[in-house]
Amino acid sequence: ALRQTRTEKRENTIKWLDRNEKNKIIRVVNDISFWKKENLMKRNRLIIYFMLFGGLRLTEVANLKKNDINTNNLVINVLGKGNKNRKIDMNREVYSAYIEWLEIDKNDSPYIFTSQKGEKITTQGIQHVFNKVKEVTKIHDLTPHVLRHTFAHDLSQLGTSLNIIGDILGHENLETTRIYTSSSKDERKKAINSLI
């Protein structure tokens, strides 16, 4: 039997969302009737958007502080793995969701996300948000990391270079980025058929 390299094994486990799945999630996180309360909807939408449109990791989102966001030049200062800082530009969706959250958030915590008790949100608290979204969208593979993969994959599909994607994601090794941006069987088929 052929031995799979570590890269090939990881490639087989990398998943990302297609356009329909992304749209399903966006509909759910914007649905006040699903979350019951406007503040919960706005908080949870922003949590999801930081991952889906910013590529942040679960712990990075939980640890975000209000002074990490520069609303003048729309930059997020992220403290990532190994206490390494990186700067990520905020897209319009994230910026608008952030401003809406700030307008409604009455908590004086330095952290952007707090629990309903007003304490810094835990990674388990964010995971609970994901479980609710997963349940209603029926996207069984949905995890915070899948949103990060989706972000990287979408950038790759738009022709963004691996170097830039790697910088945004905080990767030291381009091989890691390459795994995140690998193509699916359908995408390879579509690319070949587009030559006709």
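Residues numbered from 1 in each chain as written. Predicted model: local features only at pLDDT ≥ 70, side-chain atom pairs only at ≥ 80, totals over all residues. Heavy atoms only, no water.

### Focus on unusual backbone geometry
Phi at L74 takes a positive value of approximately 55°, unusual for a residue other than glycine. The phi dihedral of K138 is positive, around 65°, even though this residue is not glycine. Residue position: K138 is located in the loop between α7 (123–137) and α8 (144–157). (Helix = DSSP H or I, 4+ residues; strand = E, 2+ residues; numbered from the N terminus.)

### Examining the environment of D31
Following the sequence through the fold, D31 ends up in the loop between α2 (19–29) and α3 (32–35). Only 2.5 Å separates the side chain of D31 from the side chain of S33, close enough to count as a polar contact. (Polar contact = N/O pair within 3.5 Å; in protein donor to acceptor, adjacent residues only side chain to side chain.)

### Concerning the pattern of salt bridges
On inspection of all chains with the given rule, the structure shows 7 salt bridges. Here E38 ties to K42 by a salt bridge, and the two come within 2.9 Å at their closest N and O atoms. Of this pair, E38 and K42 are both found in helix α4 (residues 38–52), 4 residues apart, which corresponds to roughly one turn of the helix. Exposure remark for E38: the relative accessible area of 38% places this residue in the partly exposed category. Across the pair E60 and R57 runs a salt bridge whose closest N-O atoms are separated by 2.6 Å. For R57, a relative accessible area of 10% puts it in the buried group. Via salt bridges that share partners, E38, K42, R45 and E100 belong to a single interconnected network. (Salt bridge = Lys/Arg side-chain N within 4 Å of Asp/Glu carboxyl O. Buried < 20%, exposed > 50% of the residue type's maximum accessible area, 1.4 Å probe, protein only.)

### Looking at the pairing of strand β2 (residues 75–79)
When a strand is regular, its side chains alternate between the sheet's two faces. Examined bridge by bridge, strand β1 (residues 69–70) and β2 share 2 bridges and lie antiparallel to one another. In the sheet register, I69 faces β2, and the bridge partner there is I76. Linkage of β1 to β2, two consecutive antiparallel strands, is achieved through a turn of 4 residues, within which L74 is found at a positive phi near 55°. (Pairing = 2+ DSSP bridges.)

### Things to note about the sheet that holds β2
Overall, antiparallel pairing links the 3 strands, which are arranged β1-β2-β3 in an open sheet. In the strand order of this sheet, the two ends are held by β1 and β3 (85–89), each with one partner.

### Side note on the packing of α8 against helix α9 (residues 162–169)
Put simply, α8 and α9 touch, their axes get as near as 10 Å, and they point 155° apart. One element, α8, and the other, α9, form an angle in the roughly antiparallel class. For the crossing formed where α8 meets α9, the hand is right-handed. Of the residues in α9, those touching α8 at R148, F151, A152, L155 and S156 are I165, I168 and L169. (Axes fitted to C-alpha atoms, helices over the stretch in contact; angles between N-to-C directions. Parallel < 35°, antiparallel > 145°, perpendicular 65-115°, else oblique. Left-handed = near helix turned anticlockwise from the far one by under 90°. Contact = heavy atoms within 4.5 Å.)

### Some remarks on the side chain of T137
Within the element layout of this structure, T137 appears in helix α7. When its relative accessible area of 3% is taken as the criterion, T137 is described as buried. Here K134 takes part through its backbone oxygen, which lies 3.5 Å from a polar atom of the side chain of T137. Dropping the residues within four chain positions of it, T137 is found in contact with K24, I25, V28 and L142.

### Section: α2
Of the positions making up α2, those classed as buried are K22, I25, V28 and V29. Here the buried residues of α2 occupy an arc of 125° about the axis, which is enough to place them on one side. Exposed side of α2, more than 90 degrees from the buried face: R19, N20 and R27 are the residues found there. Among the structural elements, α3, α4, α7 and α8 are those in contact with the buried residues of α2. For α2, the capping residue at the N-terminal end is D18, with a side-chain oxygen 3.1 Å from the backbone nitrogen of N20. (Arc of directions from axis to C-beta.)

The quantities given are spatial measurements derived from coordinates; they are silent on function.
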